[in-house]
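# Fold and contact review
Residues per chain are reported as follows:
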Amino acid sequence: MIIDTTEVQAINSFFRLESLKEVYEIIWMLVPIFTPVLGITIGVLVIVWLEREISAGIQQRIGPEYAGPLGILQALADGTKLLFKENLLPSRGDTRLFSIGPSIAVTSILLSYLVIPFGYHLVLADLSIGVFLWIAISSIAPVGLLMSGYGSNNKYSFLGGLRAAAQSISYEIPLTLCVLSISLLSNSSSTVDIVEAQSKYGFWGWNLWRQPIGFIVFLISSLAECERLPFDLPEAEEELVAGYQTEYSGIKFGLFYVASYLNLLVSSLFVTVLYLGGWNLSLPYIAIPDFFEINKAGRVFGTIIGIFITLAKTYLFLFIAITTRWTLPRLRIDQLLNLGWKFLLPISLGNLLLTTSSQLLSL
C-alpha cells in the first residue's frame, strides 16, 4: 500500500487550520466576557484609591503615598495581601454556608453589569426588562450575607446578616418604584431605550429634571442598598464588631470588600443611565454626540468618547457617595427603618402616581 505524503501533509495542515480556527473562536468568545471583568476590576481599584484620597483631604491628613506613585498601587497591594492571608473557618459554624455566602454576594452583583450600556450599542445584553433584571439579581446579595452571618455561628454576625436583609427589603421597594416611574416615562424597561429616550431632548431631556423627587429617593435608596454610611448598620463596628464579616479572613473577607465597591459602582452606573442621560452629553447649544458622531455605528473614537462620558458621570456620583460617608453620622436601626417605610415608600408611591397621571393625560 502506497501512501501519498503530499495528501497526508494536506490532511494534517487542514486539521491544524481547523484546530486553530476553533481556538480562535473560543478566544473571541471569551474576550467579551473578560474585557468587562478587567474594566470593572480596574474601576474598583480606582474607587478604593479615590476614597482614600478624598477622605484624607476631608480629614486634612495624608492619604496613601508609598505604594506606587501617589499611592495608586495601594489597593492592589491590599488585595495581594488578602489573597495570601490564612483562610480561617469557624470550628462550630456551618462551613458550607460560610464559604458560599461571599461568592453569592459577589456573583449576584457582577451579573448586574450585563445590562449596563457603556456606550452606543456597547452592552453585553440589551434586554427588554433590563432594569428589573438588575433589581431581581441584586436582591439575591442579601441572601449571601444572611448565609454568611448564620454560617459563622456568631450572634453578632447573625444580627448583621438580619440587618442586611431587613435594610435591603426596606429600601428595595422605593428603589423599584423609582425605576418603574422611569420605565413609564421612557415606555421601555431596556437600559438602552431609556438612554435614547433622554437623548431626544438633549440636556433638558435628562430624567434628573423630569423626575427630581424620584432622583433623590433613588439616590438615598441606592446608598442604603450599598450599605454605605450613614446606612452601614449591618457592619456597625460599635455594636456588632464587624457584622457578618466578623469571622472572615483572607480572600473571603476580600470578596466582601470587593462586593461593597462593586455594588457602589453598579449603583452609580444605573444613576447615570436612568437619570443623567448615559453616554449622551448634549449641552445647551452644543450637541456633543453629534459633534463626535457618538451615535453612529463603527466610529471607534465616538465609542471611546461615549465610554468616557458615562464614566465621568459615574464618578461624579461616586464623589457624592464618598463625601457623604465622611460627612454624615450613622443612623440608628429604628431611624433607618422609619426613613425607608414611613418616608421614602410613600414619597416614591406618590411620585409613581404623578408620573402615571401625567402619562395618561399626555395620551
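Rules used in this analysis
Residues numbered from 1 in each chain as written. Predicted model: local features only at pLDDT ≥ 70, side-chain atom pairs only at ≥ 80, totals over all residues. Heavy atoms only, no water. Helix = DSSP H or I, 4+ residues; strand = E, 2+ residues; numbered from the N terminus. Expected span 1.5 Å × (residues − 1). Buried < 20%, exposed > 50% of the residue type's maximum accessible area, 1.4 Å probe, protein only. Contact = heavy atoms within 4.5 Å. Core = buried A, V, L, I, M, F, W, Y, C linked by side-chain atoms within 4.5 Å. Phe/Tyr/Trp six-rings, centres within 6.5 Å; stacked < 30°, edge-to-face > 60°. Polar contact = N/O pair within 3.5 Å; in protein donor to acceptor, adjacent residues only side chain to side chain. 1 Å grid on protein atoms, 1.4 Å probe; cavity = no way out; pocket = protein on both sides within 12 Å on 5 of 7 lines; lining within 4 Å. Points joined across faces, edges and corners; volume = space filled by probe spheres on them. Nonpolar A, V, L, I, M, F, W, Y, C, P; charged D, E, K, R; others polar. UniProt positions renumbered as here; feature names shortened; annotations may be inferred. Salt bridge = Lys/Arg side-chain N within 4 Å of Asp/Glu carboxyl O.

## Things to note about unusual backbone geometry
For Leu70, which is not a glycine, the phi torsion comes out positive at approximately 60°. Relative to the assigned elements, Leu70 resides in the loop between α1 (5-58) and α2 (74-84). The backbone of Asn187 shows a phi angle near 60°, a positive value even though the residue is not glycine. Residue position: Asn187 is located in the loop between α6 (155-186) and α7 (191-199).

## Focus on helix α9 (residues 212-225)
Its 14 residues place the ends of α9 20 Å apart at the C-alpha level, agreeing with the 20 Å of an ideal helix rising 1.5 Å per residue. With 10 of 14 residues buried, α9 is to be regarded as a mostly interior element. Of the residues making up α9, those classed as buried are Gly214, Phe215, Val217, Phe218, Leu219, Ser221, Ser222, Leu223, Ala224 and Glu225. Looking at the buried residues of α9, the elements they touch are α4 (130-138), α6, α8 (207-210), α11 (250-275), α13 (300-325) and α14 (333-362).

## Quick notes on the nonpolar core
Core analysis: the biggest nonpolar cluster contains 48 residues, and Tyr113, Trp134, Phe218, Phe270 and Leu274 have the highest contact counts within it. In terms of residues, this core owes the most to one element, α11, which gives 11 residues. For Phe218, the residues in contact, after removing those within four places along its chain, are Trp134, Leu175, Cys178, Val179, Phe270, Val271, Leu274 and Tyr275. In terms of nonpolar packing, the next biggest core, distinct from the first, is built from 7 residues, Phe98, Ala105, Tyr248 and Phe256 among them.

## Considering the side chain of Asn263
Mapping Asn263 onto the fold places it in helix α11. Non-local contacts of Asn263, meaning those with residues more than four positions away in its chain, are made with Ile109, Glu225 and Cys226.

## A look at the packing of aromatic side chains
Two aromatic rings are characterised by how far apart their centres lie and by the angle between their planes. All chains considered together, the criterion is met by 11 aromatic pairs. Ring centres of Tyr150 and Phe158 lie 5.9 Å apart, and the angle between their planes is 65°; on these two criteria the pair is classed as edge-to-face. Aromatic side chains Tyr248 and Phe256 sit 5.0 Å apart centroid to centroid with 85° between the ring planes, which places their arrangement in the edge-to-face category. The class for Phe256 is buried, based on a relative accessible area of 4%. Members of the aromatic cluster, connected to one another through ring pairs, are Trp134, Phe215, Phe218, Phe270 and Tyr275.

## Considerations on the environment of Gln167
Mapped onto the elements, Gln167 comes out in helix α6. Separated by 67 residues in sequence, Gln167 and Pro234 have C-alpha atoms that sit 8.3 Å apart. Not counting the four nearest positions on each side in its chain, Gln167 is found in contact with Ala224, Glu225, Glu227, Phe231, Leu233, Pro234 and Leu336.

## Concerning the environment of Thr310
Mapping Thr310 onto the fold places it in helix α13. What makes Thr310 buried here is its relative accessible area of 1%. Between the C-alpha atoms of Thr310 and Leu281, which are 29 residues apart in sequence, the distance is 9.1 Å. Apart from residues no more than four positions distant in its own chain, Thr310 is found in contact with Pro117, Phe118, Leu269, Thr272, Gly278 and Trp279. Of note is the side chain of Thr310, whose polar atom sits 3.0 Å from the backbone oxygen of Gly306.

## Side note on empty space enclosed by the protein
A complete count under the given rule lists 1 cavity of 30 Å³ or more for this structure. By volume, the largest cavity is sized at about 260 Å³. If you trace the largest cavity, you find 23 residues lining it, with Ile109, Ala141, Glu225, Glu227 and Asn263 closest to the centre. Looking at the lining of the largest cavity, the elements with two or more residues in it are α3 (95-111), α4, α5 (141-151), α6, α9 and α11. With 5 residues, α11 is the single largest residue contributor to the lining of the largest cavity. Split by residue class, the lining of the largest cavity holds 13 nonpolar, 7 polar and 3 charged.

## What to know about the UniProt feature "transmembrane region" (unreviewed entry) in the chain
Under the local residue numbering, the UniProt record ascribes the feature "transmembrane region" (unreviewed entry) to residues 26-50, 97-116, 122-147, 255-277 and 297-322. Secondary structure within residues 97-116 divides into 75% helix and 0% strand; the distance between the first and last C-alpha atoms comes to 30 Å. Secondary structure over residues 122-147 splits into 62% helix and 0% strand, and the C-alpha atoms at its two ends are 35 Å apart.

## Considering the pattern of salt bridges
Throughout the structure, instances matching the rule amount to 5 salt bridges. For Asp78, the salt bridge identified is with Arg52, shortest N-O distance 2.6 Å. Here the residue Asp78 occupies a position in helix α2, and Arg52 occupies one in helix α1, the gap between them amounting to 26 residues. Residue class for Asp78 comes out buried when judged on its relative accessible area of 19%. Assessed through its relative accessible area of 25%, Arg52 is described here as partly exposed. The salt bridge involving Arg332 is made with Asp334; its shortest N-O contact spans 3.0 Å. Overall, the relative accessible area of 49% leaves Arg332 in the partly exposed class.

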